[in-house]
Structure formats: structure tokens, C-alpha cells
Amino acid sequence: MFDFARLKRITYPFKIETEEDGEFELKVYPPTVQDFKKLTFAVECKNRIALYKVVADIYSNNNKKYEITPQMLYVFTPAAIFRMAAGFILWLKEAREEQHLNIPHFSGKEDSENTGYTLPVMTFEEKIIRDYTGFSFREMESLNVFEYWQYLRDAILCELKKTPGGREMMEEAYCFE
């Protein structure tokens, strides 16, 4: 298994200004998997109320233990909150790439080409991590996203190594990385 001590400790800089403290910068820690899913769902569904709440929850997990409430964020327009959330999601994706936590992929045939349709497996990631680590779904939701992505990547690599076709696919994927 991967040594998480080798995973870089990454924080997201967030400037805030209050009447009492003036302007200062917080270092926001990576969200849990559960909060990350809530954030992406709120952005995709354009759910403003949920977005203010989840952004407040995520940004409250910071180096100064400074609590951000949804009410504090109401000074921002909904469009600004959506931009803030989109910027945070983009930062997470870039940090994921930086730490090489993406899942290997290749340009093969899609299921839809073979069968005419695709049936998405909504919990594929959780299942493969559970099989690899033994974690329950609840335990996975409490991991920070970088730990989750590391387990996911390792679990998939471990599965691919088991067959000659999987090993060949890994070689192809790494040629394009």
C-alpha cells in the first residue's frame, strides 16, 4: 500500500476580510470525499443554498480553525460563489494531476461500441477501493480526496497487474502520460 506520508500536504489559499480581524489568508485543507461529492453536485445542479453550505463547511477546515458560516458567504453573489467553487474544484483537479493520482486510461473501445449502450456503475470507485483496502463506504467518505484518489489509483493498478491484458494496458497508458 501507498505511504501517505509521501503525499504532499497541499492547502488552498483563501483570502477573507472581517471587521474584527481585517484581511488575512486561510489555508484550506482538502475536503473529505463526502464534501467533494456535495460540492460537485451543488455546482452541477446549480443549487445555491447547498453550495453556500458546502463551501462554508469546506473552507472552515483551515489552518487557523477559523469557522466560515454560510451567512458570512452571503456577501458574495451566487455567481461569485459558483466561480469560487469552480476555482476550488479546478485547483483540486490540478493538484490531483501534480501528485500523479489520476487513474490510468487508454483509448480503447467503449462499451457502447460493443453493446450499443452503456450502463454507468455509480459506485465503481468505492467498490474497487473497498475490495483493495477493506474500507466501508462510510470510512471512504471521511477520507480526504487526495487519500481517496491515491487508494483508487493503487487499486486499479493492482487489478490491472493481475492479467496480461491489464499489464499491456498499463504499458500503453504510461506511454501517453
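In what follows, the accompanying structure is described. Quick caveat: nothing in here was measured; it's all calculated off a predicted structure.

## As for the overall build of the protein chain
Check the secondary structure of the protein chain and you find 9 helices and 2 strands. Buried residues in the protein chain amount to 38% of all 177 residues. Long-range pairs, those at least 24 residues apart, make up 61% of the contacts in the protein chain between residues at least 6 apart in sequence. About 11,500 Å² of surface is accessible on the protein chain, with carbon and sulfur atoms providing 53% of the total.

## Some remarks on the pairing of strand β1 (residues 12-18)
The side-chain alternation of β1 yields one buried face, formed by Tyr12, Phe14, Ile16 and Thr18, and one unburied face, formed by Pro13, Lys15 and Glu17. By the bridge criterion, 7 bridges tie β1 to strand β2 (residues 22-28) in an arrangement that is antiparallel. Directly across from Tyr12, in β2, lies its bridge partner Val28. Joining the antiparallel neighbours β1 and β2 is a turn of 3 residues.

## Topic: the packing of aromatic side chains
In this structure the tally under the stated criterion is 12 aromatic pairs. Look at Trp91 and Phe146: their rings are 6.3 Å apart centre to centre, the planes differ by 85 degrees, and that puts the pair in the edge-to-face class. Here the residue Trp91 occupies a position in helix α4 (residues 78-98), and Phe146 occupies one in helix α8 (residues 145-160), the gap between them amounting to 55 residues. By the burial criterion, Trp91 is buried, and Phe146 matches it. Three or more aromatic residues joined by ring pairs form one cluster here, namely Tyr12, Phe14, Phe36, Tyr59, Phe88, Trp91, Phe146 and Trp149.

## Describing the packing of helix α6 (residues 124-133) against α8
Two numbers describe how α6 lies on α8: the axes approach to 9 Å, and their chain directions differ by 75 degrees. Classified by the interaxial angle, the pair formed by α6 and α8 is roughly perpendicular. Two secondary-structure elements touch here, α6 through Phe124, Glu125, Glu126, Ile128, Ile129, Tyr132 and Thr133 and α8 through Tyr148, Tyr151, Leu152, Asp154, Ala155, Ile156, Cys158 and Glu159. Classifying every residue of the contact of α6 with α8 gives 10 nonpolar, 1 polar and 4 charged.

Calculation notes
- Residues numbered from 1 in each chain as written.
- Predicted model: local features only at pLDDT ≥ 70, side-chain atom pairs only at ≥ 80, totals over all residues.
- Heavy atoms only, no water.
- Helix = DSSP H or I, 4+ residues; strand = E, 2+ residues; numbered from the N terminus.
- Buried < 20%, exposed > 50% of the residue type's maximum accessible area, 1.4 Å probe, protein only.
- Contact = heavy atoms within 4.5 Å.
- Areas by Shrake-Rupley, 256 points an atom, 1.4 Å probe, with all protein chains shown as cover.
- Pairing = 2+ DSSP bridges.
- Phe/Tyr/Trp six-rings, centres within 6.5 Å; stacked < 30°, edge-to-face > 60°.
- Axes fitted to C-alpha atoms, helices over the stretch in contact; angles between N-to-C directions.
- Parallel < 35°, antiparallel > 145°, perpendicular 65-115°, else oblique.
- Nonpolar A, V, L, I, M, F, W, Y, C, P; charged D, E, K, R; others polar.

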